[in-house]
Structures are given as structure tokens and as C-alpha cells.
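Each chain, written out:
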Amino acid sequence: MQFFGGSEISPSPPVPTASGNNGHMIYMFNRNGVCLLYREWNRPLRTLNAQQDHKLMFGLLFSLKSLTAKMDPTSAEKGNLGVPQLPGQGCSFHSFRTNTYKLSFMESPSGIKIILVTHPRTGDLRDSLKYIYNLYVEYVVKNPLYTPGSPIRCQLFNTTLDQYMRGIA
């Protein structure tokens, strides 16, 4: 079952938006900020330990979501800066770009956050993020051996994800 349109995981994933070695890393967090998955493909410099890196990324997402909701010009209800928003509530962001990377973000209705860091020239990755989320549902959530909220250790999911990332990376 596909959760973002359609009925099944498409046998052919979304068309890559760029070519070359573009995929750097992926993070998946649950709604409580627990890092369920962290994988990297092209990250030459590591400046933080893994736990600090995960906290920094989740904090960045929390701050950006709060800021975009506060600055939403279409909503009369601004709320307080820093107050958590429910998935789909208020204004949201999909990506931002720096001179060295592009961060693409998607949050599912259940609160799963997927962050994909790629080369700055990479195009729109919303379809790719939806595809990755559907892989997560099919190979992880539906796996009877998986305990929700624990780190993902599903070899089939990891293999399929690596294969897909080689296509866009």
C-alpha cells in the first residue's frame, strides 16, 4: 500500500533529478526526535559525534518548522515561536540550499521526518522522499520483527534504499 497516492510501491521509482555523486546522507526521525535511521554515502568530513549530529539536525528541523509557521502570511493564528506543530499544521518547508549542500525534508502524517542531504544542484526531491517513505512503510513498518521507535535494522530496506540512492546519487 502506498501512503502518498497510488496503490502500491511503484516498480519504477521517481526519475532522478540529477546525475553524478549527489546523495550525501539521510536521516529519519520519529515524532519524539529519536533517530531511526542515519546513512551516509558521500560525507568526507565528520565534525560531530553521531549523537550530537542527530540532535543538531532534529533541532534545526524543529526551529525551521516553528519559524515557517510563525512567518506564514496566510494564517491569522501565529502561535508562539518554539511551540511544537502537529504534522500538516501551518506552513511548512520542503528544502533549503546552501553553497555546499541542499537539505530536502518531508514529514509524514504519523510524524516520521525524512531528511535527505544532497549536492546543491539537485532538483526537487519531494517525490523521492515520498518513495523512500513508502519503502519504509513496506519494509520496516509491516515487518513483524520491527519494534516501533527503535533504530531500523532491516537489511532489505537498507539494500533497497542504497540501490535507490545510487540512482539519484
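Residues numbered from 1 in each chain as written. Predicted model: local features only at pLDDT ≥ 70, side-chain atom pairs only at ≥ 80, totals over all residues. Heavy atoms only, no water.

- The name an unreviewed UniProt entry assigns to the chain is Trafficking protein particle complex subunit, from the organism Stylosanthes scabra.
- According to UniProt, the comment filed for the chain under the heading Sequence similarities (unreviewed entry) is "Belongs to the TRAPP small subunits family. BET5 subfamily."
- Per its UniProt entry, the chain bears the Subunit (unreviewed entry) comment "Part of the multisubunit transport protein particle (TRAPP) complex." (UniProt positions renumbered as here; feature names shortened; annotations may be inferred.)

1. As for the overall build of the chain
And then number 1: Across its full length, the chain carries three helices and five strands.
And then number 2: Written out in order from the N terminus, the α and β elements of the chain read β-β-α-β-β-β-α-α.
And then number 3: Each of the 169 residues in the chain was classed as buried or not, and the buried ones make up 38%.
And then number 4: Contacts spanning at least 24 positions in sequence make up 54% of the contacts within the chain whose residues lie at least 6 apart.
And then number 5: Carbon and sulfur atoms make up 56% of the accessible area of the chain, which totals about 9,600 Å². (Helix = DSSP H or I, 4+ residues; strand = E, 2+ residues; numbered from the N terminus. Buried < 20%, exposed > 50% of the residue type's maximum accessible area, 1.4 Å probe, protein only. Contact = heavy atoms within 4.5 Å. Areas by Shrake-Rupley, 256 points an atom, 1.4 Å probe, with all protein chains shown as cover.)

2. Considering the packing of aromatic side chains
And then number 1: Applying the stated criterion to the full structure yields six aromatic pairs.
And then number 2: Ring centres 4.8 Å apart and planes at 45 degrees place the aromatic pair Tyr131 and Tyr164 in the tilted group. Linking Tyr131 in helix 2 (residues 126-141) with Tyr164 in helix 3 (residues 155-168), this pair joins segments that are 33 residues apart in sequence. Across the pair, exposure class does not vary: Tyr131 and Tyr164 are buried alike. (Phe/Tyr/Trp six-rings, centres within 6.5 Å; stacked < 30°, edge-to-face > 60°.)

3. Description of the pattern of salt bridges
And then number 1: Counted by the stated rule, this structure contains five salt bridges.
And then number 2: Residue Arg126 is joined to Asp124 by a salt bridge in which the shortest nitrogen-to-oxygen separation is 3.2 Å.
And then number 3: Taking the relative accessible area as the measure of exposure, Asp124 reaches 46% and is therefore partly exposed.
And then number 4: Taking the shortest distance from any N to any O, the salt bridge between Glu138 and Lys142 comes out at 2.9 Å. (Salt bridge = Lys/Arg side-chain N within 4 Å of Asp/Glu carboxyl O.)

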